[in-house]
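Listed here are the chains, written in short residue letters.
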There are 2 protein chains.
Amino acid sequence: MDSILGYLAANEARFVDELCAYASIPSVSAQSQHAGDLRSSADWIARRCRSAGLVTVVHETKGNPIVIARTPNHDPKKPTFLVYGHYDVQPAEPFELWTSPPFQPRRVGRDVFARGVSDNKGQHLAHIIATEAWLKSGKTLPCNLTFLIEGEEEVGSTALYEFLPVQAAKLACAAVVISDSGIPSLKHPALTYALRGIAAFEIRLDGPSRDLHSGIYGGSLDNPAMALCQLLGQMRDKKGRINVPGYYDDVVKLSAYERKQMARVPFSETKYRKFLGVPELFGEVGFTPDEQRSARPTFEINGLTSGYQGEGSKTIVPAWASAKVTLRLVPNQSPKKVILAVKRQLQKLCPPTVKLTLKHGHGGEPYLVDPTSSLAQGALRALQKGFGHEPVLLREGGSIPIVSAFKKHLRAETLLLGMALPDDNPHSPNEKFSLDAFAAGMRTSALLWPELAVA
Amino acid sequence: MDSILGYLAANEARFVDELCAYASIPSVSAQSQHAGDLRSSADWIARRCRSAGLVTVVHETKGNPIVIARTPNHDPKKPTFLVYGHYDVQPAEPFELWTSPPFQPRRVGRDVFARGVSDNKGQHLAHIIATEAWLKSGKTLPCNLTFLIEGEEEVGSTALYEFLPVQAAKLACAAVVISDSGIPSLKHPALTYALRGIAAFEIRLDGPSRDLHSGIYGGSLDNPAMALCQLLGQMRDKKGRINVPGYYDDVVKLSAYERKQMARVPFSETKYRKFLGVPELFGEVGFTPDEQRSARPTFEINGLTSGYQGEGSKTIVPAWASAKVTLRLVPNQSPKKVILAVKRQLQKLCPPTVKLTLKHGHGGEPYLVDPTSSLAQGALRALQKGFGHEPVLLREGGSIPIVSAFKKHLRAETLLLGMALPDDNPHSPNEKFSLDAFAAGMRTSALLWPELAVA
């Protein structure tokens, strides 16, 4: 392995330049004006796969292209592993909170700041580079590798969900590896064994047919903004519990073993509070913050819109009010079932003075993999060597909905080997990626294949 | 009076053209980019006053100019009346709901559609034109007239509040006449004897120092948008009562006489509901819709802002959430006292998981004038003749805060003789003004001065 790890160390400067080039493409999948940038991003990573020595195809879809890259000379006697990543990124708004432009990567010490650099460009790039190291060092990989890099992860992976069942045979694999999760610190590499699911929707309340003068009419009709506040306000109680009948019915309780494992992860409530920048923490009573954010479901308002938001005041009863909401779900909650329960509760609680409209967004199943399986144990060994530290077992609060689809269509379990640090600000202004994590991630990836191939 | 009324009738086409020219100036006082338009609007109305034969001065202020126009040859033996109006207008947003551009006046039958055409350009222009009719007909007015047209009514009249005490001696008058209120129909001209006051503020709740990934962190901290919903949602109970201790302490109860007078105004709940376009009416239990919107105080959310409002979804815990709120107040509530009570309640109910900031906006006292006074009776006679119908007595839900300032600084009562119809959409898209109301308003104004001069 020395020559492979040596290759990675010797070429680090080039890899960082490549990371910056990739992160400079504003591939925001939620915003239609960036369609061209998504195409450029797909083309960029396809070229990078080819230069690594991979056989690469850019597949057209109804949405953004899907890039498939394979190690050459497929050997049917060896196991095949699939590495998944996404080249699309979250919107960068609000721009004014970035200390440098989100799509002009800026290096500060051992960090690179840019939208998407951590989520997820840097993390799948590390795997591609590690494979290049194997191929350019003239060593024979103990397995076949397939890279699947898509461009709609941040908006629900619609194209990939159509692609997967059709291409299932060609994507057959012994396991999937995804690096799109986090680690507590560089000294605590982690295997993430559980993920939260997600269900997104928009709620809109329509009142009067137009904004009305709040002096002339106010008092004689309901205010849709007030109705929305009262409706949403009822959805969470003072103990942080979601007020929806049946919401917790399918939640798998945390075992004593799991709570003990989670407690191994270093945590300071004061540091965490200061890191978030909140006056005081808040979460479901009876659970630690780590449990609240990874093993418990939520009802999160992502955005509120109503009436006049400009300079000064406008004395109106607004015609409508709306909110974007995402529910984070945990094993074994079903997005469809939960959305239905929430819908029923909203309809029940909504007053007759406004018209309720719900618009469903994307959903994703929660996920749980057995951390004592031989594949998981192999991954833990690679992490130990790649980072030089004893790994921890984690539940992740974020969603990687595609994991459930891999299980369904490829009948493959997924190993989640993240490289993101807690202060990487994914989905936030000033997203960054640690170049130490990038390097350790490359090493782990290079070391992973022999471990998995014998597992 | 025949020659004066004849002059008004003969020149109506020109007056309508003038109204359209005036309403084409986008004099939006809430938006700083319109500073030049406010200046143009002041200059336009000053020129119009001069062409009517009035001695006109444009007074510079720290904000928008104040136009003062007087009838020539001041006679100290005659009473002086002051006519007040404002050349500034509400923002036109949301533009997409206008059927024609808000600052390109469009005539449809006997209506003109444009922002500000009813509130308040058309209404004070009617008075200036009526005075022109007196002056150009060679008749001697039985009184002196002073016109005061300001440009900050929609944003709190800051400049005028500084101007008034300084200029009080020069603005001395027996009474003030304002046409900035409504009438139930052309067959129901009205003297408005009471106004609601107003108190405006913005509330903002800050949570985390930046938008956070709702998967990674959601559940372990409060969501500022949820906190805002829960806080604001508590401010109004199910019976439509404002949940603020002391809020109703100073409210003057409606007398049986007043409730009877208000019931004289034609009202159909079904028609009103359909006109507003709401599925169902809502208001404080125990009061009619007319009472709710004119004689009872409110807590109105004018705008909500939080998190991501763009296309698609963004899975964040937003860093902050804010709301614009106006309270409509009734005699004898004090804006300062009420704001203090609301502030105390918000501070008491706000959870420690977010930081509360309140930003005070403008305030205006409610108003009540005795409808049996001789001045009021004179106004009722002019309305009867000008519109050709028996006038009604009204309370108005909107605020004209300057009325209290006239009482304080000029020691003068105000007569409110509105010309706006219920479907004029002031502060809403597709604001309009009825040319029949415009004409009847001019006639009433011409007839008013002999009635008031003998009162």
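Remember, predicted model here, so these are calculated numbers, not experimental data. (Residues numbered from 1 in each chain as written. Chains lettered and ligands numbered in written order. Predicted model: local features only at pLDDT ≥ 70, side-chain atom pairs only at ≥ 80, totals over all residues.)

1. Here we look at the relation of the copies chain B and chain A
Then, in step 1: When chain B is fitted to chain A, the residual RMSD is 0.1 Å, and the transformation amounts to a turn of 180 degrees plus an axial shift of 0.0 Å. Both copies are brought into coincidence by an operation consistent with a two-fold rotation axis. Residue Cys-229 of chain B, judged by its C-alpha, is the member of chain B lying nearest the rotation axis, at 2.0 Å.
Then, in step 2: Take the interface residues of chain B: 100% of them recur as interface residues in chain A, which is what a same-surface contact looks like. (Least-squares fit on C-alpha atoms with pLDDT ≥ 70 in both. Contact = placed C-beta atoms within 7 Å.)

2. Some words on the packing of helix α11 (residues 374–387) of chain A against helix α13 (residues 435–454) of chain A
All names here are of chain A.
Then, in step 1: Viewed as axis vectors pointing N to C, α11 and α13 meet at an angle of 140 degrees, and their least axial separation amounts to 8 Å. By the angle class used here, α11 and α13 are oblique. Our pair here, α11 against α13, has a crossing hand that is right-handed. Residues Leu-375, Gly-378, Ala-379, Arg-381, Ala-382, Leu-383, Lys-385, Gly-386 and Phe-387 of α11 form the contact with α13, whose own contacting residues are Ala-440, Arg-443, Thr-444, Leu-447, Leu-448, Glu-451 and Leu-452.
Then, in step 2: In the contact of α11 with α13, the residues fall into nine nonpolar, three polar and four charged. (Axes fitted to C-alpha atoms, helices over the stretch in contact; angles between N-to-C directions. Helix = DSSP H or I, 4+ residues; strand = E, 2+ residues; numbered from the N terminus. Parallel < 35°, antiparallel > 145°, perpendicular 65-115°, else oblique. Left-handed = near helix turned anticlockwise from the far one by under 90°. Nonpolar A, V, L, I, M, F, W, Y, C, P; charged D, E, K, R; others polar.)

3. Examining the sheet that holds strand β13 (residues 320–329) of chain A
Then, in step 1: Read from one edge to the other, the open sheet built from eight strands follows the order β14(A)-β9(A)-β13(A)-β11(A)-β11(B)-β13(B)-β9(B)-β14(B), with strand pairing classed as antiparallel. The open sheet has two edge strands with one neighbour each: β14 (355–364) of chain A together with β14 (355–364) of chain B. Averaged over all adjacent pairs, the angle separating strand axes in this sheet is 20 degrees, with direction ignored.
Then, in step 2: In the sheet, strand β11 (residues 298–307) of chain A pairs with β13 of chain A via eight bridges, with the strands oriented antiparallel. Note that in β13 of chain A the partner of Gly-303 of chain A across the bridge is Lys-324 of chain A. (Pairing = 2+ DSSP bridges.)

4. Considering the pairing of strand β16 (residues 392–396) of chain A
Residue and element names in this part refer to chain A.
Then, in step 1: With four of its five residues buried, β16 lies for the most part within the structure.
Then, in step 2: Pairing geometry for strand β8 (residues 190–195) and β16, over five bridges, is parallel. Residue pairing for β16: Ala-194 is matched across the bridge by Arg-395. (Buried ≥ 20, exposed ≤ 12 C-beta atoms within 10 Å, placed from the backbone.)

5. Topic: the interface of chain B and chain A
Then, in step 1: Of the residues lining the interface, 84 residues belong to chain B; the matching set on chain A comes to 84 residues.
Then, in step 2: Mapped by element, the contributors of at least two residues to the side of chain B that touches chain A are β10 (212–213), α6 (224–233), α9 (289–292), β11 (298–307), β12 (316–317), β13 (320–329) and β14 of chain B.
Then, in step 3: Looking at which element gives the most residues to the side of chain B that touches chain A, the answer is β11 of chain B, with nine residues.
Then, in step 4: Broken down by class, the residue content of the side of chain B that touches chain A amounts to 31 nonpolar, 37 polar and 16 charged.

6. Considerations on the confidence of the model for chain A
Any residue range with low pLDDT should be treated as having predicted coordinates unsuitable for detailed reading.
Then, in step 1: Residues at a pLDDT of 70 or more form 100% of chain A, whose mean pLDDT is 95.
Then, in step 2: In the predicted complex, the global pTM is 0.76; the interface-specific ipTM is 0.76. (pLDDT = per-residue confidence, 0-100.)

7. Here we look at helix α8 (residues 269–276) of chain B
Then, in step 1: Of all eight residues making up α8 of chain B, only zero are buried, and the element is barely covered by its neighbours.
Then, in step 2: Just beyond α8 of chain B, the residue with positive phi is Gly-277 of chain B, at close to 80 degrees.

8. Re the sheet that holds strand β4 (residues 106–108) of chain A
All names here are of chain A.
Then, in step 1: Read from one edge to the other, the open sheet built from three strands follows the order β4-β5-β18, with strand pairing classed as antiparallel. Of all the strands in the sheet, the pair left with one neighbour each is β4 and β18 (432–434). Each strand of the sheet is rotated relative to its neighbour by a mean of 25 degrees, with strand direction disregarded.
Then, in step 2: Summarising the sheet, β4 and strand β5 (residues 111–113) pair through three bridges and their orientation is antiparallel. Paired with Val-108 across the bridge in β5 is Asp-111.
Then, in step 3: Along the sheet, helix α4 (residues 117–136) makes contact with β5 and β18, crossing β18 at roughly 40 degrees.
Then, in step 4: Across the sheet, α13 lies against β5 and β18, angled at about 55 degrees from β18, the strand it touches most.

9. Comments concerning the pairing of strand β6 (residues 144–150) of chain A
The side chains of a regular strand alternate between both faces of the sheet.
Residue and element names in this part refer to chain A.
Then, in step 1: Of all seven residues that make up β6, seven are buried, and the element is covered over most of its length.
Then, in step 2: Two elements, strand β2 (residues 66–70) and β6, share four bridges in a ladder whose sense is antiparallel. Counted as the bridge partner of Val-67 is Ile-149 from β6.
Then, in step 3: Two strands pair when backbone bridges link them, and strand β3 (residues 80–86) and β6 are joined in this way by seven bridges, in the parallel orientation. Within β6, the residue paired with Thr-80 across the bridge is Asn-144.

10. Topic: the domain arrangement of chain A
Residue and element names in this part refer to chain A.
Then, in step 1: Annotation of chain A at the domain level lists domain 1 (2–195 + 367–454) and domain 2 (197–251 + 297–364).
Then, in step 2: Here the C-alpha centroids of domain 1 and domain 2 sit 35 Å apart.
Then, in step 3: Each side of the interface is counted separately: domain 1 has nine residues, and domain 2 has six residues.
Then, in step 4: A class-by-class count of the residues in the side of domain 1 that touches domain 2 yields five nonpolar, four polar and no charged. (Domains from an automatic or database assignment.)

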